[in-house]
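# Observations on the three-dimensional arrangement
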Amino acid sequence: MTTTSAHSASAHSAPPRVLTVAGSDSGGGAGIQADLKTMLALGTHGMSVVAAVTAQNSLGVQGYWELPVEAVRAQFRSVVDDIGVQAVKTGMLASAELVETVAGLLADVEAPVVVDPVGVSKHGDPLLAQDALDSVRTKLLPVASVATPNLDEVAQLTGVRVTNEAGLREAAAAVLSYGPRWALIKGGHLARHTDGDGSGTDSRTSGAEEAVDLLTDGREEHWLRAPRHDNRHTHGTGCTLASALAAGLARGLPVPEAARAAKEYVTGALAAGFPLGEGLGPVDHGWRLRGS
């Protein structure tokens, strides 16, 4: 047996491959750093296309710089053409030109695509140019297998403002009108809990406060519920959920099952979030490894 064949015979098979196309978070709590940690924690091989670089810490985003379109395209082709992907997740894309470039690249990818339409940071700092919103609506969302906006991003993209749980349906319908196959509307920012039929209770008085998300393709609905943890260290929540969803899809899970698994993972990460620096700390991507 030759050295090459001996190496091949003993080589381990590769785990499912997931690609993130997003911005770098220098503080390590969100962005590509959060994506790669999540992908590793969930048994997949994470790869990255850096679309923008941020100067960011626990206090906020001090600045960001877009990479040239040529650099983003070259990274994407380098990974996809050689290694291949079984799922793709997008995050911060910063500009209309980058949004349209990435959407064009994804149009030729057969793997499922999770679009996290990042518009602002956890601290309220803008991460997407205003003139890029139409490109997200008309170019990026139509290539998404699942779009995962939070309520601020729903309002930014559709004008729909959700004030209770029942409003998640209207938000989902508005997002689906732009073409993604599924919408996962993240209701974690809701101050009150109202039942899905609109007749529910105020969670702050009922003692049953939950973080509620709605996953739908316009025909079937899946309400994803988890306890709301009293922990201010939540930096990276959205990136983590979208990456966990992409990891599940790469492993061959159907969208509803992948979404439930992602919700379970991010709930544990939120519960284990830890202080870092002077501001908001990150969720703990390694909570299962540490037995949190």
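Residues take numbers from 1 onward in each chain, read along the sequence in its written order. Under the rules for a predicted model, residues below a pLDDT of 70 receive no local features and side-chain atom pairs below 80 are neither given nor counted, while totals for whole chains, interfaces and linings still include all residues. The side-chain figures draw on all heavy atoms in the structure; neither hydrogens nor water molecules are used.

## Some remarks on the overall build of the chain
Worth spelling out the cut-off: Secondary structure elements are defined from DSSP: runs of H or I of at least 4 residues count as helices, runs of E of at least 2 residues count as strands, and each element is numbered from the N terminus. The atom set for the radius of gyration is the C-alpha atoms, and the globule formula is 2.2 Å times the number of residues raised to the power 0.38. Relative accessibility decides the category of a residue: with a 1.4 Å probe and only protein chains considered, values under 20% of the type maximum give buried, values over 50% give exposed, and everything between is partly exposed. Contact definition: two residues touch when any of their heavy atoms are within 4.5 Å. Here, Shrake-Rupley sampling with a 1.4 Å probe gives the accessible areas, and only protein chains in the shown set may cover a residue. In this tally Asp and Glu are treated as negative and Lys and Arg as positive; neither His nor the chain ends contributes. Think of each charge as sitting on NZ of Lys, CZ of Arg, CG of Asp or CD of Glu.
Along its length, the chain carries 10 helices and nine strands. Compactness check: the chain gives a C-alpha radius of gyration of 19 Å against a globular reference of 19 Å for 292 residues, within 12% of the reference. Each principal axis of the C-alpha distribution contributes one length, and for the chain these read about 70 × 45 × 45 Å. Every one of the 292 residues in the chain was classed for burial, and the buried ones make up 54%. When contacts within the chain are restricted to residue pairs at least 6 apart in sequence, long-range pairs at least 24 apart make up 70% of them. Carbon and sulfur atoms provide 51% of the accessible area of the chain, an area that totals close to 12,700 Å². Separation of charge centres in the chain, based on 23 positive and 32 negative side chains, amounts to 3 Å.

## A look at empty space enclosed by the protein
Counted only if it meets this: A 1.4 Å probe that fits into a set of points on a 1 Å grid over the protein atoms alone but cannot get out defines a cavity; an open set with protein on both sides within 12 Å along at least five of seven lines defines a pocket, and lining residues are those with an atom within 4 Å of a point. Grid points are joined across faces, edges and corners, and a volume is the space filled by probe spheres set on the points. Residue classes follow a fixed rule: Ala, Val, Leu, Ile, Met, Phe, Trp, Tyr, Cys and Pro count as nonpolar, while Asp, Glu, Lys and Arg count as charged, and any other residue, Gly among them, counts as polar.
For the structure on display, the rule yields one cavity of 30 Å³ or more. Taken as a whole, the largest cavity spans an internal volume of roughly 60 Å³. What lines the largest cavity is Gly 91, Leu 93, Val 99, Asp 116, Pro 117, Val 118, Leu 128, Val 136 and Leu 140. Of the residues in the lining of the largest cavity, the class split is seven nonpolar, one polar and one charged.

## Structural notes on the packing of helix H2 (residues 31-41) against helix H9 (residues 237-250)
What counts here: Each axis is a line fitted through C-alpha atoms, taken for helices only over the stretch in contact, and angles between the N-to-C directions span 0 to 180 degrees. If an angle is under 35 degrees, it is roughly parallel; if it is over 145, roughly antiparallel; if it lies from 65 to 115, roughly perpendicular; otherwise it is oblique. Handedness of a crossing is defined here by the sense of rotation of the near helix relative to the far one, left-handed for an anticlockwise turn of less than a right angle and right-handed for a clockwise turn.
At a closest axis distance of 8 Å, the pairing of H2 and H9 adopts a crossing angle of 40°. Relative to H9, H2 is oriented oblique. Read as a crossing pair, H2 and H9 show a hand that is right-handed. Across the interface between the two elements, Gly 31, Ala 34, Asp 35, Thr 38 and Met 39 of H2 pack against Cys 239, Thr 240, Ser 243 and Ala 244 of H9. Within the contact of H2 with H9, the residues separate by chemical class into four nonpolar, four polar and one charged.

## So, the packing of aromatic side chains
The line we're drawing: Any two of the Phe, Tyr and Trp rings considered here, Trp counted by its six-membered ring, make a pair once their centres fall within 6.5 Å; the pair's planes then place it as stacked at under 30 degrees, edge-to-face at over 60, or tilted in between.
Counted under the stated rule, the structure contains one aromatic pair. Each ring, one from Tyr 265 and one from Trp 287, has its centre 6.2 Å from the other, and the planes form 35°; the classification is tilted. Here Trp 287 lies in the segment after helix H10 (255-271) and Tyr 265 lies in helix H10, a separation of 22 residues in the sequence. Trp 287 gets classed as buried once you look at its relative accessible area, which sits at 12%.

## Quick word on helix H3 (residues 69-82)
Each full turn of the α-helix corresponds to 3.6 residues, which orients residues three or four apart in the same direction. What counts here: Every helix has an expected span of 1.5 Å times one less than the residues it contains. By construction, the arc corresponds to the directions joining the helix axis to the C-beta atoms.
Relative to the 20 Å expected for 14 residues at 1.5 Å per residue, H3 spans 20 Å between its end C-alpha atoms, a close match to the ideal helical length. Looking only at H3, the buried set comprises Val 69, Val 72, Phe 76, Val 79 and Val 80. An end-on view of H3 places all buried positions within 115° of arc, on one side of the element. For H3, the exposed residues set more than 90 degrees away from the buried face come down to Glu 70, Asp 81 and Asp 82. Along its buried surface, H3 packs onto strand E1 (17-25), strand E2 (45-57) and helix H4 (96-106). Among the residues trailing H3, Gly 84 stands out with phi positive, at a value near 85°.

## Observations regarding the nonpolar core
For clarity, the threshold we go by: Joining through side-chain atoms within 4.5 Å is the link that ties buried Ala, Val, Leu, Ile, Met, Phe, Trp, Tyr and Cys residues into a set, and such a set is a nonpolar core.
Of all hydrophobic cores here, the largest spans 55 residues; its most connected members are Leu 19, Phe 76, Val 85 and Ile 185. The greatest single-element share of this core, amounting to seven residues, is contributed by H4. Those residues in contact with Phe 76 that sit more than four places away from it in its chain are Leu 19, Val 21, Val 49, Leu 105, Leu 106 and Val 109. By size, the runner-up hydrophobic cluster in this structure holds 29 residues, among which are Leu 42, Leu 215, Leu 224 and Ala 250.

## A short note on the confidence of the model for the chain
How we decide: Confidence scores per residue from the predictor, reported as pLDDT, run from 0 to 100.
Considering every residue of the chain, the mean pLDDT works out to 90; 90% of them sit at 70 or more. The low-confidence segment residues 192-208, where pLDDT is below 50, has 32 contacts with residues more than four positions distant or belonging to other chains.

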